[in-house]
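Take a look at the letters that make up each chain.
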Amino acid sequence: MDIFFLIIVLIILFILIGIFVKRRSVKIQYIKMKLSKSERKGIIESVFHKNFLFYEHLNNTFKEKLITDSYILSELIDIDSIGIKITDEIKYTIFGLAGLLILGDENPNYFPNLTSVVVYPKMYISDQKGQNKSVNLGESWNFGVVVLSWCDVVNGAQNFSDGHNGALHEFAHQLDQQSGQADGIPANLNTDYYTWKNTFDKEYNNLIKEMENAEYDSIDFYGTTNKAEFFAVSTETFFEKPALMKAEHPELYNLLVRYYKIDPEKIFFR
Ligand SMILES: [Zn+2]
């Protein structure tokens, strides 16, 4: 009887998930159609020209995809603010950076767990229940919220080769959190679990050793905090310092090429 009940519950669950996925894909098709008939394309592209120096290096296919994906994200995910008015520049710079993480994916799922982005004008004090107060530039929460400071976002976007990009960092945490708690092992690895874990653990431990020996690395030592931070910081380095990362960490670089389905050295810095 118990097993029968469980099977019924599972069937209902699969049907509900199926309906949700179907509704979402119909909505995405509708948003794409809306974009083709609006003037938004021009507005988004002018924001990209202003804040993304790499934009002119992208080929036309990637340019088109980044515009479309940013617009879809801006329609699917709420953007709220505290102490700053959300402008087109803020909206499309933020969703443009989120769009970079799915640029190589022909059929992205558009951060299915992410429901809201909250923007502060600059660094802010986080005062979550049960946690100590801290000054923050950004956060990514398991319950589908990313918090960003605009000052940090725009600095990161306009200096796209220094290895620091707060928005890419927080959206990378969201990818990691799609598979539960952030642990440096995101969903949809495109490689087997053990290859990912072995490479990641080895590189993470090497970074800790380098920090202890005060050596240099293209990956920021903040990545030694834990494996979730290592994934987020590696993502920043991957997109912003690909040539250096490829030379210093070829295995890790290739793993991220497979994960993001893109080679930043070839498409952003050609
Ligand atoms: Zn982080």
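Residues numbered from 1 in each chain as written. Predicted model: local features only at pLDDT ≥ 70, side-chain atom pairs only at ≥ 80, totals over all residues. Heavy atoms only, no water.

Student: Would you mind going over the coordination of the zinc ion in detail, with residue names and values included?
Tutor: The coordination sphere of the zinc ion, as far as protein atoms go, consists of His 169 (NE2), His 173 (NE2), Glu 229 (OE) and Glu 229 (OE), spread over 2.1 to 2.6 Å. For the zinc ion, the four donor atoms are set out with angles of 54 to 143° between them, so the coordination reads as irregular. Sequence positions of the donors to the zinc ion reduce to the motif H-x3-H-x55-E. Here His 173 and His 169 lie together in helix α6 (residues 166-177), a separation of four residues that amounts to about one turn. Take His 169 and His 173: they sit in the same class, and that class is buried. (Donors = N, O, S within 2.8 Å, 3.2 Å for Na, K, Ca; no water. Tetrahedral: all angles 85-135°; square planar, octahedral: opposite > 155°, others 65-115°. Helix = DSSP H or I, 4+ residues; strand = E, 2+ residues; numbered from the N terminus. Buried < 20%, exposed > 50% of the residue type's maximum accessible area, 1.4 Å probe, protein only.)

Student: Account for the pairing of strand β6 (residues 145-149), with residues named and values stated.
Tutor: The two faces of a sheet get side chains in turn, since along a regular strand they alternate between them. Summarising burial for β6: five of the five residues are buried, a large majority. Judged by which residues are buried, β6 turns out to be covered on both faces: Val 145, Val 147 and Ser 149 on one side and Val 146 and Leu 148 on the other are all buried. The sheet contact formed by strand β2 (residues 116-120) and β6 spans five bridges and is parallel. Along β6, the bridge assignment pairs Tyr 120 with Ser 149. Where strand β5 (residues 138-141) lies against β6, four bridges are found, and the strand directions are antiparallel. In the sheet register, Ser 140 faces β6, and the bridge partner there is Val 146. Between β5 and β6, which pair antiparallel and follow one another directly, the connecting turn spans three residues, one of which, Gly 144, has a positive phi of 85°. (Pairing = 2+ DSSP bridges.)

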